[in-house]
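# What the coordinates show
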Amino acid sequence: MTAPDWALLDKHTTGALLRPGDAAFADSSTPFNRRYADRAPAAVLQAADRADVMRAIDWAREHGVPIVPRGGGHSYAGHSVNTGLVVDLRALDAISVDPADGRVTVGGGVLTGALYAALRPHRLALPLGNGAGVGIAGLALGGGSAATSRKLGLTADTLLHTTLATADGRALDCDRRRNPDLYWACRGGGGGNFGINLDLTFQAVEAPAASTCLLLWEAEHAPAVFDAVQRLMLTTPEETSLRLGVATSGRTGTVVSAIGLHLGPAADLRELLAPAFAAGTPLRAEIADRDFWDAMDHLQHDTSAGAFAVRTHFATRPLPAAAVDAALAHLAAWPGSDNPDGCGFALFGWGGAINRVHPQDTAFVHRGAEYLVSLDTSWQEGDDPGTVAANLAWLAELDRLIVPHAITGAYLNFTDPDLRDWRDAYYGANYPRLVATKRRHDPDGLFRFPQSIGS
Ligand SMILES: Cc1cc2nc3c(=O)[nH]c(=O)nc-3n(C[C@H](O)[C@H](O)[C@H](O)COP(=O)(O)OP(=O)(O)OC[C@H]3O[C@@H](n4cnc5c(N)ncnc54)[C@H](O)[C@@H]3O)c2cc1C
């Protein structure tokens, strides 16, 4: 092992090697979640092509420098920034679509918004999620839930092939026939664990017709709306996906929302939502037919979210009224912060096509739930440590109220660095097989970060 020779890495790569103070350094290394804004690597390689990625892996192994790939930088836990070498993959941005068979191949740094735009002219759809700046590799490797997932499955469920650059410096084809252990692990095992995915090929389908809804209620309707909409979420067809949430901030007060996508006409969606209207008159109700991609655009959000923490669970049954009441009372006691995003909790519709895959057929184990429950709070970088601590304690207490009504599990893509039992929560019975795969392909743990497999 020798001291890092950055000049050598620079000499053998085409892309820019950035050091702290360089103009583009922050853009290539700052985590989306400002909770980790003070985390900075020793250097960033803006990989120009696949060869740069391979050389960076060889160099990092030979010099004993920790290496992490960075796609969209949206890891909730800042896992794409370490203190060693970050490989910024965003120049690996090629997208090719075969309209004849719907196979779509993306470079390892392609972002969600770009892929939606590339699919549109071909009238093809993939389940891709709501963050335009989210990296496709990061999304797919951790599962990838979308408003279309109840019908089309997780992003990972549509993965046909990936080329993975591994710790020993090889680029491996991974699919059903070749390196099936890695192919299995890349469908839910999580980004950054097994190597750097140079490209990923997905099976797209013809884009269906779509409609969307946005219903907002005042806080007084929250108990009745939660009761009605949670039950509705159990009975709607898999063409329909709802996100039921309640949020509060010092500035906006408390708002209850049901945001949804229906792969069918708005008239049907309006009819399906009748129990939600009966639970309380919304202060705003928009239900509209949309072109599929307009619907995706409508559901996109990529705000500058400041600093935040999120805790997740899976549930098979609606949260009982007493738990909803307790959580709502807890929301009213939010300690506050300077972040206008405030705090809240939400239930995302799960089930349908997601649950038709056996839990052991891919690394993504959470195949029996009806809801993904997400609890969150936020603050700003400038908030004092007392405010941050109060927000984290508040989130832990909200979690305590919800845990009795959840099944074991947490959603890896909503990464929670404060989760103590993360191995079981993220991976359940699939964890030992993931560890065995990791030991086979990265025995020395070149790719390691907090919560990496085998750590
Ligand atoms: C605004 C926002 C919206 C979101 N919406 C959704 C959603 O709708 N559905 C959903 O499921 N999730 C969603 N997420 C979560 C998101 O899917 C995960 O945070 C995802 O891991 C981010 O990927 P990234 O490339 O943007 O982030 P990064 O931080 O760059 O990467 C995340 C992890 O993947 C690794 N990684 C990145 N690229 C590669 C690669 N090519 N090869 C190997 N490892 C790689 C990184 O090292 C890191 O460990 C959202 C997050 C945000 C902040």
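Residues numbered from 1 in each chain as written. Predicted model: local features only at pLDDT ≥ 70, side-chain atom pairs only at ≥ 80, totals over all residues.

### Some thoughts on the sheet that holds strand S1 (residues 17–18)
Basically, it comes down to this: When DSSP locates at least two bridges between a pair of strands, those strands are taken to pair. By definition, any uninterrupted DSSP run of H or I lasting at least four residues is a helix, any uninterrupted run of E lasting at least two residues is a strand, and each is numbered from the N terminus. Once C-beta atoms are placed from the backbone, any two residues with those atoms within 7 Å are in contact. Here the axes come from fitting lines to C-alpha atoms, over the contacting stretch only for helices, and the angles between their N-to-C directions go from 0 to 180 degrees.
An order of S1-S2-S4-S3 is seen for the 4 strands of this open sheet, with the pairing classed as mixed. Each edge of the open sheet is held by one strand with a lone partner, namely S1 and strand S3 (67–70). Taken strand by strand, helix H3 (residues 50–63) contacts strand S2 (43–46), S3 and strand S4 (85–88), and its axis lies near 170 degrees from that of S4.

### What about the environment of Val-53?
Note on placement: Val-53 falls in helix H3. Once the C-alpha coordinates of Val-53 and Gly-169 are considered, the two residues, 116 residues apart in sequence, prove to be 9.4 Å apart. Aside from chain neighbours lying at most four places away, what touches Val-53 is Ala-47, Val-87, Ala-165, Ile-196 and Leu-198.

### Concerning the packing of helix H12 (residues 321–332) against helix H13 (residues 385–402)
Worth spelling out the cut-off: Each angle receives one of four descriptions, namely roughly parallel if under 35 degrees, roughly antiparallel if over 145, roughly perpendicular if within 65 to 115, and oblique otherwise.
Put simply, H12 and H13 touch, their axes get as near as 9 Å, and they point 170 degrees apart. Taken together, the axes of H12 and H13 are roughly antiparallel relative to one another. Side by side, H12 and H13 meet where Ala-323, Ala-326, Ala-327 and His-330 of the first sit next to Glu-397, Leu-398, Leu-401 and Ile-402 of the second.

### Focus on the domain arrangement of the chain
Filter applied, for reference: For the purposes of this description, domain bounds are those given by an automatic or database domain assignment. When residues are grouped by polarity, Ala, Val, Leu, Ile, Met, Phe, Trp, Tyr, Cys and Pro land in nonpolar, Asp, Glu, Lys and Arg in charged, and all others, Gly among them, in polar.
Domain parsing of the chain yields domain 1 (6–88), domain 2 (95–207) and domain 3 (210–425). Listed as interface residues are 8 residues of domain 1 and, on the opposing side, 9 residues of domain 3. Split by residue class, the side of domain 1 that touches domain 3 holds 3 nonpolar, 3 polar and 2 charged.

### Comments concerning the site of the ligand
Note the threshold: Any residue whose backbone-placed C-beta atom lies within 6 Å of a molecule or strand is treated as near that molecule or strand.
The ligand sits among 34 residues. The nearest are Gly-72, Gly-131, Gly-135, Gly-138 and Gly-191. Of all the secondary-structure elements, those providing two or more residues to the shell around the ligand are S3, helix H5 (136–141) and strand S10 (196–203). For the shell around the ligand, the element with the highest residue contribution is H5, accounting for 4 residues. Classifying every residue of the shell around the ligand by side-chain character gives 11 nonpolar, 21 polar and 2 charged. Each of domain 1 (6–88) and domain 2 (95–207) gives at least three residues to the shell around the ligand.

### Some words on the packing of helix H8 (residues 222–235) against H12
Test applied: Crossing handedness is defined as follows: a turn of the near helix away from the far one that is anticlockwise and smaller than a right angle gives a left-handed crossing, while the clockwise case is right-handed.
Relative orientation of the contacting elements H8 and H12 amounts to 135 degrees, with a least axis distance of 10 Å. One finds that H8 runs oblique with respect to H12. For the element pair H8 and H12, the recorded crossing hand is right-handed. On H12, the residues that touch Ala-222, Pro-223, Phe-226 and Asp-227 of H8 are Ala-321, Val-324, Asp-325 and Leu-328. In terms of residue class, the contact of H8 with H12 is made up of 6 nonpolar, no polar and 2 charged.

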